[in-house]
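Each chain is listed here by its residues.
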Amino acid sequence: MHLTRFRFNTARLGARSHLASPQRLHAAVMSSFAGALPSDTNGSRVLWRLDHNAKAEVLLYIVSEERPDLTHLVEQAGWPTTATWQTYDYGAFLSGLQAGSTWAFRLTANPVHHIRRKDGDPTKRTAHVTPRHQMGWLLARQEASGFRILETPPERRRLPQGDEFQLTVRDERRHRFEKTDAQGDRRTRVPLVTVTFDGRLEVTDPVALGRTLTSGLGKAKAYGCGLMTLAKVA
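Computed from a prediction, not measured in an experiment: that's the story for all the values here. (Residues numbered from 1 in each chain as written. Predicted model: local features only at pLDDT ≥ 70, side-chain atom pairs only at ≥ 80, totals over all residues. Heavy atoms only, no water.)

1. Some points on helix α5 (residues 131-139)
Thinking step 1. Regarding α5, the residues found buried are Gln134, Met135, Trp137 and Leu138. Here the buried residues of α5 occupy an arc of 150° about the axis, which is enough to place them on one side. (Buried < 20%, exposed > 50% of the residue type's maximum accessible area, 1.4 Å probe, protein only. Helix = DSSP H or I, 4+ residues; strand = E, 2+ residues; numbered from the N terminus. Arc of directions from axis to C-beta.)

2. Quick notes on the sheet that holds strand β4 (residues 86-89)
The strands making up a sheet associate through hydrogen bonds between their backbones, and the pairing can be parallel or antiparallel.
Thinking step 1. On the basis of which strands lie adjacent, the open sheet formed by 4 strands has the order β2-β3-β1-β4 and antiparallel pairing. Strands with a single pairing partner mark the edges of an open sheet, and in this sheet they are β2 (46-54) and β4. Between one strand and the next, the sheet's axes are offset by a mean angle of 20°, whatever the strand orientation.
Thinking step 2. For strand β1 (residues 2-8) and β4, the ladder comprises 4 bridges, and the chain directions are antiparallel. Each bridged residue has a counterpart across the sheet, and for Thr4 the counterpart in β4 is Thr87. (Pairing = 2+ DSSP bridges. Axes fitted to C-alpha atoms, helices over the stretch in contact; angles between N-to-C directions.)

3. Topic: the pattern of salt bridges
Thinking step 1. All told, the structure shown has 7 salt bridges when counted by the stated rule.
Thinking step 2. The salt bridge partner of Asp171 is Arg173, with a shortest N-O separation of 3.0 Å.
Thinking step 3. Accessibility expressed as a relative area gives 25% for Asp171, which makes it partly exposed.
Thinking step 4. In this structure, Arg174 engages Glu172 in a salt bridge whose closest nitrogen and oxygen atoms are separated by 3.0 Å.
Thinking step 5. The network of salt bridges with shared partners includes Arg49, Asp51, Arg106, Arg170 and Asp198. (Salt bridge = Lys/Arg side-chain N within 4 Å of Asp/Glu carboxyl O.)

4. Quick word on the nonpolar core
Thinking step 1. Counting residues in hydrophobic clusters, the biggest one holds 28 residues, and the most contacted among them are Phe105, Leu138, Phe197, Met228 and Leu230.
Thinking step 2. Secondary structure elements with two or more residues in this core: β3 (57-64), α4 (90-95), β5 (102-109), α5, β8 (147-149), β10 (187-203), α6 (206-215) and β11 (228-232).
Thinking step 3. In contact with Leu138, other than residues within four places in its own chain, are Phe105, Leu107, Phe147, Ile149, Leu167, Phe197 and Leu217.
Thinking step 4. One finds Met30, Val58, Leu73 and Val74 within the second-largest nonpolar core, a separate group that totals 18 residues. (Core = buried A, V, L, I, M, F, W, Y, C linked by side-chain atoms within 4.5 Å. Contact = heavy atoms within 4.5 Å.)

5. Some details on the environment of Arg200
Thinking step 1. Tracing the backbone shows Arg200 in strand β10.
Thinking step 2. Residues Arg200 and Leu167, 33 residues apart in the sequence, show an inter-C-alpha distance of 6.8 Å.
Thinking step 3. The contact partners of Arg200, leaving out residues within four places of it in the chain, are Trp103, Ala104, Phe105, Arg148, Ile149, Leu150, Gln166, Val233 and Ala234.

6. Regarding unusual backbone geometry
Thinking step 1. The phi dihedral of Asp171 falls on the positive side, at around 55°, and the residue is not glycine.
Thinking step 2. Phi is positive for Ala220, which is not a glycine, with a value near 60°.
Thinking step 3. When you line up the elements, Ala220 lands in the loop between α6 and β11.

7. Quick look at α6
Thinking step 1. Taken together, the buried positions of α6 are Ala208, Leu209, Gly210, Thr212, Leu213 and Thr214.
Thinking step 2. Measuring from the backbone nitrogen of Val207 back to the side-chain oxygen at the start of α6 gives 3.1 Å, which picks out Asp205 as the cap.
Thinking step 3. The first or second residue beyond α6 is Gly216, which carries a positive phi of 95°. (Polar contact = N/O pair within 3.5 Å; in protein donor to acceptor, adjacent residues only side chain to side chain.)

8. Points about the pairing of β2
Along a regular strand, successive side chains alternate from one face of the sheet to the other.
Thinking step 1. When β2 meets β3, the two strands line up antiparallel, connected through 8 bridges. Bridge assignment links His52 to a residue of β3, and that residue is Val58.
Thinking step 2. In sequence, β2 turns back onto β3 through a hairpin of 2 residues.

9. A closer look at the packing of aromatic side chains
Thinking step 1. Considering all chains together, one arrives at 5 aromatic pairs under this definition.
Thinking step 2. Relative to Phe197, the ring of Trp137 lies with its centre 6.2 Å away and its plane at 10°, an arrangement referred to as stacked. Of this pair, Trp137 sits in helix α5 while Phe197 sits in strand β10, and the two are 60 residues apart along the sequence.
Thinking step 3. Put simply, the rings of Tyr90, Phe93 and Trp103 touch in pairs and so form one group of aromatic residues. (Phe/Tyr/Trp six-rings, centres within 6.5 Å; stacked < 30°, edge-to-face > 60°.)

Structure below.
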């Protein structure tokens, strides 16, 4: 497995074009692999995420089995003569995960649930729209995903409710784009709501967490959701 990082030159028109459309960026990411087609939506093989750290600091992270070649992104949206991208061996990191270790984490996800508006109607996938429900979506998946989000010590809690965990939700983004059906003859408007989770976790099942880090968490993986990364706790 490989973990790749690329920084966009946000002053360039090509960078702004890619950043404005999850579809275009997905196609660009998939074009980085000689064995994949731009239309490939196999999120278990390739995960990607954008980190908007600042207006001029937008980072692309990719987790993949195949080593990517981002030459086209460097030429279109980077610094062709002074900077490229960094790819790291992810397998050694994954094999070193240990139960009980603690990490800071980041995850961009599409928290959704299924609702039925009327009796007899089919269920419909709908985005969670409040931070409380978005946090609840992630908390409900932590055990099966191999980790436990750390609780905030009582003396450090600022609110009577909603501050129990070392977890924040930020950077909600709403997209709407057209998608063609499998036959290619019908286009529908697809809404997409994404949020970024930052927090601290404890590893409870290294094997399950390894699957989460390489296969993703939640829906919309083709559009930049599902990739969790870990960092050492300061």
